[in-house]
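Residues per chain, in single letters:
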Amino acid sequence: MAIGETGIVRTSVRTLLRVGARPETSGFEHVPASGGFIVASNHLSFLDSVIIQSLLPRQVRFFAKADYWTQKGLKGKIMRGFFDSVGSIPVERGDHSASVTALKQLVEFVGNGDGVGIYPEGTRSRDGRLYRGRTGVGWLALTTGVPVIPVGLIGTDKLQPPGKNVILPRKFEIRVGKPIEVEHLGPKHGLQIRRKTTDHIMARIAELTGQERVDEYNKRPDETAS
């Protein structure tokens, strides 16, 4: 998709969100004006990536389930168009090797001066609590050495009730925190510092959201059932 079309799509979705949901926003000045950066956010709703990619002042590339590119009909066409326009990266859910490859792709994007996004919890929180962060975000931060921008989303789960396809005009809030500076250690670094970096990032996200913390990893419904 051409750069002009990308801007049109982001602007259109941003306008719909601002008019329909009247979000409260703060801290957008913390997003770097240039250079690579990492957005690390809590995760409450399918719409979280759409919200961050539309509202933040710079483009942010996120992982997205490969299924979103294969859905049929008008909805599928709209979803493909949006995710392509904001530079989302398709990845097969549950495929570890695909996830590792996608994470390495993020390193390339950051190296090219792009913004990339990641949800340290791994999947959406179904109960509204903030779960333990998986260390992929710590690895990405220490490998690239770029600033990590913590983002707190509040109320986005009210926009689309669980199990429903309808999107409701509900207010939500997006808070952007001050950049977290990390060491640039490259891809080969110890697990201990990766864990410590991840925990620090999660603490900053918790400060923004006020969520109850959970000292365990979140699981998808299909993982819980197995």
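Above: the structure in question.
Model, not experiment: these values are computed from the prediction. (Residues numbered from 1 in each chain as written. Predicted model: local features only at pLDDT ≥ 70, side-chain atom pairs only at ≥ 80, totals over all residues. Heavy atoms only, no water.)

Visitor: Break down the environment of Phe172 for me, citing the residues and quoting the values.
Guide: Mapped onto the fold, Phe172 is located in the loop between strand 7 (148-154) and strand 8 (173-176). By relative accessible area, Phe172 is classed as buried at 3%. Note: C-alpha distance between Phe172 and Arg22 (150 residues apart in sequence) is 7.5 Å. Among all residues touching Phe172, those that are not within four sequence positions of it are Leu17, Ala21, Pro23, Glu24, Ile51, Leu55, Ile154, Gly155, Thr156 and Leu159. (Helix = DSSP H or I, 4+ residues; strand = E, 2+ residues; numbered from the N terminus. Buried < 20%, exposed > 50% of the residue type's maximum accessible area, 1.4 Å probe, protein only. Contact = heavy atoms within 4.5 Å.)

Visitor: Talk me through the pairing of strand 7; I want residue IDs and the actual numbers.
Guide: Across the 7 residues of strand 7, 6 count as buried, placing the element largely inside the fold. Pairing geometry for strand 2 (residues 37-41) and strand 7, over 4 bridges, is parallel. The partner of Ser41 across the bridge, within strand 7, is Val151. Sheet topology places strand 7 next to strand 8; 4 bridges connect them, and they run antiparallel. Looking at the pairing, Ile154 lines up with Glu173 of strand 8. (Pairing = 2+ DSSP bridges.)

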